[in-house]
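# Residue-level structure breakdown
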Amino acid sequence: MSPTTPIWFITGASSGLGRALAEAVLARGWRAVVTARKPETLRELAAQHEDRALALFLDVTDGRSIAKAVHEAERHFGATMPATAISRRSRRASTLKSVPSSRQTSLA
């Protein structure tokens, strides 16, 4: 896999928009860190894309949880990545503020 292959960090990947985004990213051959409060819901998805998907626990309301997940993702893939947050609480998707726009990737 090329070192320029995009890596996505997707929250809320267990269902809905987050799951659809994760499936689209992985279908393109890109790498993805897929996160959820119940990571067991991501096992099948991660297993289907074993070399490109990493499933992690993440509670987006807990700063320590976010830091731990980002650290594990960077350790696993060896790079920083674009990040997309899908939040049921706010009912909107947003890019995590710590990711510079130059590191963000579009599905378009």
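In what follows, the structure referred to is the one given above.
Residues numbered from 1 in each chain as written. Predicted model: local features only at pLDDT ≥ 70, side-chain atom pairs only at ≥ 80, totals over all residues. Heavy atoms only, no water.

### Let's talk about the overall build of the protein
Looking only at helices and strands, the protein features three helices and five strands. From first element to last, N terminus to C terminus, the protein shows the α and β order β-α-β-α-β-α-β-β. A burial count over the protein gives 39% of its 108 residues as buried. Total accessible area on the protein is roughly 6500 Å²; 50% of this is exposed by carbon and sulfur atoms. (Helix = DSSP H or I, 4+ residues; strand = E, 2+ residues; numbered from the N terminus. Buried < 20%, exposed > 50% of the residue type's maximum accessible area, 1.4 Å probe, protein only. Areas by Shrake-Rupley, 256 points an atom, 1.4 Å probe, with all protein chains shown as cover.)

### Things to note about the nonpolar core
The biggest cluster of nonpolar side chains holds 15 residues, and the ones touching the most others in it are W8, I10, A13, A22, V25, A32 and V34. For this core, the secondary-structure elements that each account for two or more residues are β1 (7-10), α1 (16-27), β2 (31-36) and α2 (43-48). Core analysis: the second largest hydrophobic core is formed by nine residues, I7, F9, V33 and A69 among them. (Core = buried A, V, L, I, M, F, W, Y, C linked by side-chain atoms within 4.5 Å.)

### Some details on the packing of aromatic side chains
A complete count under the given rule lists one aromatic pair for this structure. Between W8 and W30, the aromatic rings sit 6.2 Å apart at their centres with planes inclined by 10°, giving stacked as the arrangement. Taken together, the positions of W8 in strand β1 and W30 in the loop between α1 and β2 put the pair 22 residues apart, joining distant regions of the chain. Owing to a relative accessible area of 5%, W8 belongs among the buried residues under this scheme. Look at W30 and you get buried, because its relative accessible area is 14%. (Phe/Tyr/Trp six-rings, centres within 6.5 Å; stacked < 30°, edge-to-face > 60°.)

### Digging into the pairing of strand β3 (residues 53-57)
Pairing analysis gives five bridges linking β2 to β3, with the strands arranged parallel. Residue V34 lies in a different strand from β3, and its bridge partner there is A55. (Pairing = 2+ DSSP bridges.)

### Here we look at the environment of L45
Note that L45 resides in helix α2. Considering only alpha carbons, one finds L45 and A55, 10 residues apart in sequence, at a separation of 8.5 Å. Setting aside chain neighbours within four positions, we find L45 in contact with R19, A22, E23, L26 and V34. (Contact = heavy atoms within 4.5 Å.)

### Points about the pattern of salt bridges
Taken as a whole, this structure holds two salt bridges when the rule is applied. A salt bridge links E23 to R19; its shortest N-O distance comes to 3.2 Å. Of this pair, E23 and R19 are both found in helix α1, four residues apart, which corresponds to roughly one turn of the helix. In this structure E23 comes out as partly exposed when scored by relative accessible area, which is 40%. Between R52 and D51 there is a salt bridge whose closest N-O contact spans 4.0 Å. (Salt bridge = Lys/Arg side-chain N within 4 Å of Asp/Glu carboxyl O.)

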